[in-house]
2 protein chains.
Amino acid sequence: MDEAAYLAAYDPADFPPVAVAVDVVPLTFSAGALHVLLNRRAEQPARGRLALPGTFVRADEDLDAAAQRALRDKAGLNAPVRQFHAFGAVDRDPRMRIVSIGHMAVVDADTIAQATAAGDTCELLQISGGAVRTASNRRAALPFDHDAVLARALSDLRRDLDRDDWAFGLLPQTFSLRELQALHEAIRGQSLNKPAFRKRLIESGRLEATGEMETGKGFRPAELYRPARINHAAE
Amino acid sequence: MDEAAYLAAYDPADFPPVAVAVDVVPLTFSAGALHVLLNRRAEQPARGRLALPGTFVRADEDLDAAAQRALRDKAGLNAPVRQFHAFGAVDRDPRMRIVSIGHMAVVDADTIAQATAAGDTCELLQISGGAVRTASNRRAALPFDHDAVLARALSDLRRDLDRDDWAFGLLPQTFSLRELQALHEAIRGQSLNKPAFRKRLIESGRLEATGEMETGKGFRPAELYRPARINHAAE
DNA sequence: TGAATAGTGTCTTTCAGACAATATTCT
DNA sequence: AGAATATTGTCTGAAAGACACTATTCA
């Protein structure tokens, strides 16, 4: 049997009973801390609990597209997404075997504030010490394996912090070096040296000065920067 | 409907028609270069061509277990595996929609030589310049999206080279610093400074001197090292 | 003027690269 | 002895941390 004949006779019903989903970790940075946007589940299982937005992957849809659709449908948000890990433990979902491809989404605080204001099914929770905190700073547990998914997202975000420009998405389009340093400190969980941080980031070529200044603060305004347009990966 | 009732009524036949597979990139290091073990496909599609070993994931099997089973069944090899990326483009397989979770496997050269000698369905091909080379050093193209899978495996291997001990698996249980340096140079694609490399690796605490010496070479024997048993991640 | 932060200069420490000198084994 | 590589020492330059000093804005 040649390949064409084989494919004509191939029956997709023979595929194994494993479903594919995506879960999205929508992150943002505000008030000096990372935050994650959680969705209150409308359906069983875990109905009424806060969880990461997710959805099943459609047959004609790429993984990233499914993640963006989940984000749009459950949080009314359009944001760039990036896959970081696949979660496939046999018992991770009570319904059936579901392999979920974990995606991160990065959003600036203003955009995410609009999304949370628009509907009441989403809540923005602070992340502290690698775990989600409620308003009273109590550790909140997520359903399914979503605590592990979030932890892995944060770990991979930290790993790639100095390797690419992905984390810039957590800030507004322009930002001061103080804000950028606060972001790096929140992600890495340690304070950084100011002159060294400034020199390193500016000389990395990943930033571009806008010439504009901060405004409205009660002290000397800082210059605003944006991610450099040029891709330095080609060097 | 409460959660228990919902789960009782849940019909797994409703899951979307997307299949889950694993593809394995079995890597080793010999003769100063990385090599990948490829499997000559016994079935359609791409029958007779060399491809990465892979298999569908069973409903009661974790992702890593599926990758190890593929390696065992198609290459007669037991080796540690590590997931690195999920590949899910809609048209990546001509049969149907298949999302494949890419896994790396690391094997030392002696073990992999036994596996290739045992059967004739596998071939060990050299990797050079990020692509597979035949014996005559010509660039060989792999079926499906396996060229992209391999490229991503190499890229992630390089990224994690100084972050964890995973790449030690590409060497025998004990090895000289010269062999380790050659491995790092092959993975990074650039030559390294010898004294700096030695100092950095020894002082990293990731290595343990065995006190044993190399033998059988026509020159001064080097001390043999092994990966340190202690996990330094807890510091 | 004072508070608060921006931005910079300098000193020190750490670490990698360059280069070379000495040590050890086998033929 | 000679070949080949192991191992170590020293010098140099680059980068980061510590600390402090000057600059700028608003109240």
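Here we summarise the structure given alongside this text. Remember, predicted model here, so these are calculated numbers, not experimental data. Within each chain, residue numbers correspond to sequence positions counted from 1 in written order. Chains and ligands are labelled by the order in which they are written, letters from A for the one and numbers from 1 for the other. Only residues with pLDDT of 70 or above have their local features reported here, since the model is predicted, and side-chain atom pairs are shown and tallied only from 80 upward, although totals for entire chains, interfaces and linings are computed over all residues. Hydrogens and water are ignored here; the side-chain numbers use all heavy atoms of the structure.

1. Considering the nonpolar core
- Take the buried Ala, Val, Leu, Ile, Met, Phe, Trp, Tyr and Cys residues and link them wherever side-chain atoms come within 4.5 Å; each set so joined is a nonpolar core. Think of it in three bands: with a 1.4 Å probe and only protein chains considered, a residue is buried below 20% of the maximum accessible area for its type, exposed above 50%, and partly exposed in between. Counting residues in hydrophobic clusters, the biggest one holds 46 residues, and the most contacted among them are Val20(A), Leu77(A), Ile101(A), Val20(B), Leu77(B) and Ile101(B).
- Residue contacts for Leu77(A): discarding those within four places in its chain leaves Leu37(A), Gln68(A), Leu71(A), Arg72(A), Val107(A), Thr111(A), Ile112(A) and Ala115(A). Whether two residues touch is decided by their heavy atoms; if any such pair falls within 4.5 Å, the residues are in contact.

2. Thoughts on the pattern of salt bridges
- Definition used for salt bridges: Asp or Glu carboxyl oxygen within 4 Å of a side-chain nitrogen of Lys or Arg. On inspection of all chains with the given rule, the structure shows 32 salt bridges over all chains.
- Here Arg82(B) ties to Asp164(B) by a salt bridge, and the two come within 3.1 Å at their closest N and O atoms. Of this pair, Arg82(B) sits in strand 5 (residues 81-87) while Asp164(B) is found in the loop between helix 4 (146-159) and strand 9 (175-176), placing the two residues 82 residues apart along the sequence.
- Since its relative accessible area comes to 22%, Asp164(B) is described here as partly exposed.
- Members of the salt-bridge network, linked through shared partners, are Arg82(A), Arg152(A), Asp156(A), Arg159(A), Asp160(A), Arg163(A) and Asp164(A). Helical segments are the DSSP runs of H or I of at least four residues, strand segments are the runs of E of at least two, and each set is numbered from the N terminus.

3. Comments concerning the relation of the copies chain B and chain A
- To line up the copies, we fit them by least squares on C-alpha atoms, keeping just the residues with pLDDT of at least 70 in both. Note on the copies: chain B fits chain A at an RMSD of 0.0 Å, the axial shift is 0.0 Å, and the rotation between them is 180°. Such a combination of rotation and displacement between the chain copies is what one expects of a two-fold axis.
- An overlap of 100% is found between the interface residues of chain B and their copies at the interface of chain A, pointing to a shared contact surface.

4. Quick look at the interface of chain B and chain A
- With 41 residues of chain B in contact, the opposing surface of chain A contributes 41 residues.
- Regarding the contact of chain B and chain A, the summed buried area is about 3,600 Å², with carbon and sulfur atoms giving 63% of it.
- Linking chain B with chain A are 0 salt bridges, by the criterion used here.
- Sorting the residues of the side of chain B that touches chain A by element identifies helix 1 (3-9), strand 1 (19-30), strand 5 and strand 6 (98-106) of chain B as the ones contributing at least two each.
- A per-element tally of the side of chain B that touches chain A places strand 5 of chain B first, with 4 residues.
- Here the side of chain B that touches chain A is built from residues that sort into 25 nonpolar, 4 polar and 12 charged. Each of two parts loses accessible area, computed with a 1.4 Å probe, when they are put together; buried area is these two losses added. Only Asp, Glu, Lys and Arg are considered charged, only Ala, Val, Leu, Ile, Met, Phe, Trp, Tyr, Cys and Pro nonpolar, and every remaining residue, Gly among them, polar.

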